[in-house]
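# Examining the three-dimensional arrangement
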Amino acid sequence: MLGRGLQMTRVICRLMSRKLSAGLHRNILKNMHPSIDIWSVRSSLKNIRSVTMAPWPFSSSGPRDYSLPNPSWRSEMQRLYEHYNSMCEVETEGGEKLKGPWIRLASYNRALKYAPGGQCLSKFLQAKARLFTRNIEEQGAGFEYVVFVNKQEKTCVCVFQAGHLLEGPPGLVHGGAIATIMDSVTGTHAAYLSGPVMTANLTINYRSPIPLGSVVLVHSSVGEIDGRKTLLSCQVTSSDGSKLHTEATGLFISVSVGNLLM
Ligand SMILES: CCCCCCCCCCCCCCCC(=O)SCCNC(=O)CCNC(=O)[C@H](O)C(C)(C)COP(=O)(O)OP(=O)(O)OC[C@H]1O[C@@H](n2cnc3c(N)ncnc32)[C@H](O)[C@@H]1OP(=O)(O)O
């Protein structure tokens, strides 16, 4: 039994560190998962510093991609979504890439489930866990957002609509909710650029309040990438860019896959 557990550990580590087809993951994991020793999986994963995978490892084949339009989106949110989406890369049937340079990042309420090799892990690693920003079921009540990255300029923009459950001062968005969306956008951008990362530092200046229910833009751009350190700057502006609401810098440190699963 112990031998089989160790064997499983090695299999999962290999799956997490390579890009394999989802079908293969499912077959291997379905057949072997009763013998998984999660502690040995964790300790083995801790040693994997870099993961070879596509820049964004998530396909749009999950049950619900939360970054797609829903009826709660205001017309301004929809308009900005369509604006960036119209500049997104599309692949023709012949494999030719047209338009660009933007890419919309799919977003799920449990990223681990859709990461390569993560489907089985997500069932027994805190199975009830959900992404903080995607755990409010009522559409429009919490964080409604979609993230686009620009491959050429290495910038990122998020269209964000702040729902009524994010109130801080009356009628205004809570500072913690603003920090959350900035951390999420810069964290997603850093992960896109550098693979698995953790936020080491997020320094925020709140310049003008954000009215609850409004649609704003969260911009992220690269300050510096130096070894394990990815430094990004971030601004939240009104949807027409004329008003600065919040600005921040974020330092993200590349970590092993095991750190992310602890
Ligand atoms: C492919 C990917 C898929 C991803 C799919 C994601 C999909 C879904 C997206 C959702 C996006 C949500 C994004 C939320 C992101 C969080 O909220 S992360 C949670 C909050 N953050 C934490 O809990 C982190 C807690 N801290 C730690 O774990 C550790 O301190 C860290 C950050 C990992 C660093 O520890 P360490 O690995 O031991 O590194 P360490 O050797 O101490 O430092 C390395 C270097 O960084 C510097 N450093 C470290 N900390 C600091 C600091 N605070 N200030 C300045 N410098 C620092 C050190 O000085 C050192 O510099 P050098 O000497 O090399 O020049």
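Residues numbered from 1 in each chain as written. Predicted model: local features only at pLDDT ≥ 70, side-chain atom pairs only at ≥ 80, totals over all residues.

Taking an unreviewed UniProt entry as the reference, the protein chain is identified by name as Acyl-coenzyme A thioesterase THEM4 belonging to Synaphobranchus kaupii. Note on the protein chain: under the UniProt heading Sequence similarities (unreviewed entry), the record states "Belongs to the THEM4/THEM5 thioesterase family." (UniProt positions renumbered as here; feature names shortened; annotations may be inferred.)

### Some remarks on the overall build of the protein chain
For the protein chain, the helix and strand inventory stands at eight helices and nine strands. Taking all 262 residues of the protein chain together, 29% fall into the buried category. For the protein chain, the share of sequence-separated contacts (at least 6 apart) that also reach a separation of at least 24 residues comes to 69%. (Helix = DSSP H or I, 4+ residues; strand = E, 2+ residues; numbered from the N terminus. Buried ≥ 20, exposed ≤ 12 C-beta atoms within 10 Å, placed from the backbone. Contact = placed C-beta atoms within 7 Å.)

### Some points on the environment of Ile-136
Take Ile-136: it is sitting in the loop between α6 (118-124) and β4 (143-150). Note: C-alpha distance between Ile-136 and Asn-109 (27 residues apart in sequence) is 9.6 Å. Those residues in contact with Ile-136 that sit more than four places away from it in its chain are Ala-141, Gly-142 and Leu-165.

### Looking at helix α7 (residues 175-194)
Its 20 residues place the ends of α7 27 Å apart at the C-alpha level, agreeing with the 28 Å of an ideal helix rising 1.5 Å per residue. Of the residues making up α7, those classed as buried are Ala-177, Ile-178, Ile-181, Met-182, Ser-184, Val-185, Thr-186, Thr-188, His-189, Ala-190, Ala-191 and Tyr-192. Immediately beyond the C-terminal end of α7, within one or two residues, lies Gly-195, with a positive phi of roughly 80 degrees. (Expected span 1.5 Å × (residues − 1).)

### A word on the UniProt feature "domain: Thioesterase" (unreviewed entry) in the protein chain
Here the UniProt feature "domain: Thioesterase" (unreviewed entry) sits at residues 171-243. With 27% helix and 44% strand, residues 171-243 has its two end C-alpha atoms placed 18 Å apart.

### Observations concerning the site of the ligand
If you check the shell around the ligand, you find 18 residues, and the closest are Ala-111, Gly-187, Ala-191, Met-198 and Ala-200. Secondary-structure elements contributing two or more residues to the shell around the ligand are α7, β6 (197-206) and β9 (244-254). Considering each element in turn, the shell around the ligand owes the most residues, five residues, to α7. (Near = placed C-beta within 6 Å.)

### Remarks on the pairing of β9
In the sheet, β6 pairs with β9 via nine bridges, with the strands oriented antiparallel. Bridging across to β9, Asn-205 finds its partner in Glu-247. Where strand β8 (residues 229-238) meets β9, nine bridges bridge the pair, whose relative direction is antiparallel. Bridge assignment links Leu-231 to a residue of β9, and that residue is Leu-251. What sits between the antiparallel neighbours β8 and β9 is a turn of five residues, in which Gly-241 has the positive phi angle 80 degrees. (Pairing = 2+ DSSP bridges.)

### So, the sheet that holds β9
Remark on secondary structure: sheet strands pair via backbone hydrogen bonds, oriented parallel or antiparallel. Strand order in the open sheet formed by seven strands is β3-β4-β5-β7-β8-β9-β6, and the pairing between neighbours is antiparallel. One side of each edge strand has no neighbouring strand; the edge strands of this open sheet are β3 (102-105) and β6. When strand polarity is set aside, the average angle formed by the axes of neighbouring strands in this sheet is 25 degrees. With eight bridges connecting them, β4 and strand β5 (residues 155-162) associate as antiparallel partners. Among the inter-strand pairings, Val-146 is bridged to a residue of β5, identified as Val-159. Against the sheet, helix α4 (residues 75-85) touches β3, β4, β5 and β7 (215-226), its axis set at about 160 degrees to β5. Together, β3, β4, β5, β6, β7, β8 and β9 form the strand contacts of α7, whose direction differs from that of β6 by roughly 135 degrees. (Axes fitted to C-alpha atoms, helices over the stretch in contact; angles between N-to-C directions.)

### Some points on α4
Within α4, burial applies to Met-77, Leu-80 and Tyr-81. One side of α4 carries all its buried residues, which in axial view fall inside an arc of 105 degrees. Of the residues in α4, the exposed ones pointing more than 90 degrees away from the buried face are Ser-75 and Glu-82. For α4, the secondary structure elements touched by its buried residues are β4, β5 and β7. (Arc of directions from axis to C-beta.)

### Re the nonpolar core
Val-147, Cys-158, Val-159, Ile-181 and Val-218 are the most contacted members of the largest nonpolar core, which totals 38 residues. Looking at this core, the elements with two or more residues in it are α4, β3, β4, β5, α7, β7, β8 and β9. With eight residues, α7 is the largest single contributor of residues to this core. Not counting residues up to four positions away in its chain, the partners in contact with Val-218 are Cys-158, Phe-160, Ile-181, Met-182, Val-185, Cys-234 and Val-236. (Core = buried A, V, L, I, M, F, W, Y, C linked by C-beta atoms within 7 Å.)

### Examining unusual backbone geometry
Glycine aside, a negative phi is what most residues show, and trans is what most peptide bonds show. At Gln-126, a position not held by glycine, the phi torsion is positive, near 45 degrees. If you trace the backbone, Gln-126 turns up in the loop between α6 and β4. Residue Gln-126 is classed as exposed on the basis of its 11 C-beta neighbours within 10 Å. At Lys-154, a position not held by glycine, the phi torsion is positive, near 55 degrees.

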